[in-house]
Amino acid sequence: MSNQPSNESNSLVSTETKITAVFVVLGVLSVLGTTAVTDTQWIHFAVLLGVGVIVPTLINEWRD
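Conventions and cut-offs
Along each chain, numbering runs from 1 in the same order as the chain's sequence is written. This being a predicted model, a pLDDT of at least 70 is required before a residue's local features are given, and a value of 80 or more before pairs of side-chain atoms are given or counted; all residues contribute to the totals for chains, interfaces and linings. The basis for every side-chain value is the complete set of non-hydrogen atoms in the structure, without hydrogens or water. Runs of E in the DSSP output that reach at least two residues are strands. Runs of H or I that reach at least four are helices, and both are numbered from the N terminus. A helix is expected to reach a length of 1.5 Å times the quantity of its residues less one. Between buried and exposed lies partly exposed: a residue is buried under 20% and exposed over 50% of the maximum accessible area for its type, with that area taken using a 1.4 Å probe on protein chains only. As used here, the arc belongs to the directions running from the helix axis to the C-beta atoms. By definition, residues are in contact when any of their heavy atoms lie within 4.5 Å. At any given residue, the bend is defined as the angle formed between two axes, one fitted to the seven residues that end at that position and one fitted to the seven that begin there.

Draft legend 1. Molecular detail of helix H2 (residues 15–35). Compared with an ideal rise of 1.5 Å per residue, which puts 21 residues at 30 Å, H2 spans 31 Å between its outermost C-alpha atoms and is within 8% of the ideal. Turning to H2, its buried residues are Ile19, Phe23, Gly27, Val31 and Thr34. One side of H2 holds all its buried residues, which, seen down the axis, span an arc of 110 degrees. Opposite its buried face, H2 presents the exposed residues Leu29 and Leu32, each directed more than 90 degrees away. Against the buried residues of H2 lie helix H3 (41–63).

Written out as structure tokens, the structure is:
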């Protein structure tokens, strides 16, 4: 008889990837929202970098 793999190994996409994907989408939506407020490109870049990269990285590191 073969043992059934655990539920964690059944998932094709890891939790870290899901978290990152959600925050990338939120980052893009945030940039689109900031375009309604300002035309300054460095603010758009800072929002995208902060929400799309830094926040999910901190969350994933905290979870480990």
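Draft legend 2. Quick peek at H3. When the terminal C-alpha atoms of H3 are compared, their 32 Å separation across 23 residues agrees well with the 33 Å that a helix rising 1.5 Å per residue should span. Of all the bends in H3, the largest measures some 35 degrees and sits at Gly50. Turning to H3, its buried residues number three or more, namely His44, Gly50, Gly52, Pro56 and Asn60. Those residues of H3 that are buried lie in contact with H2.

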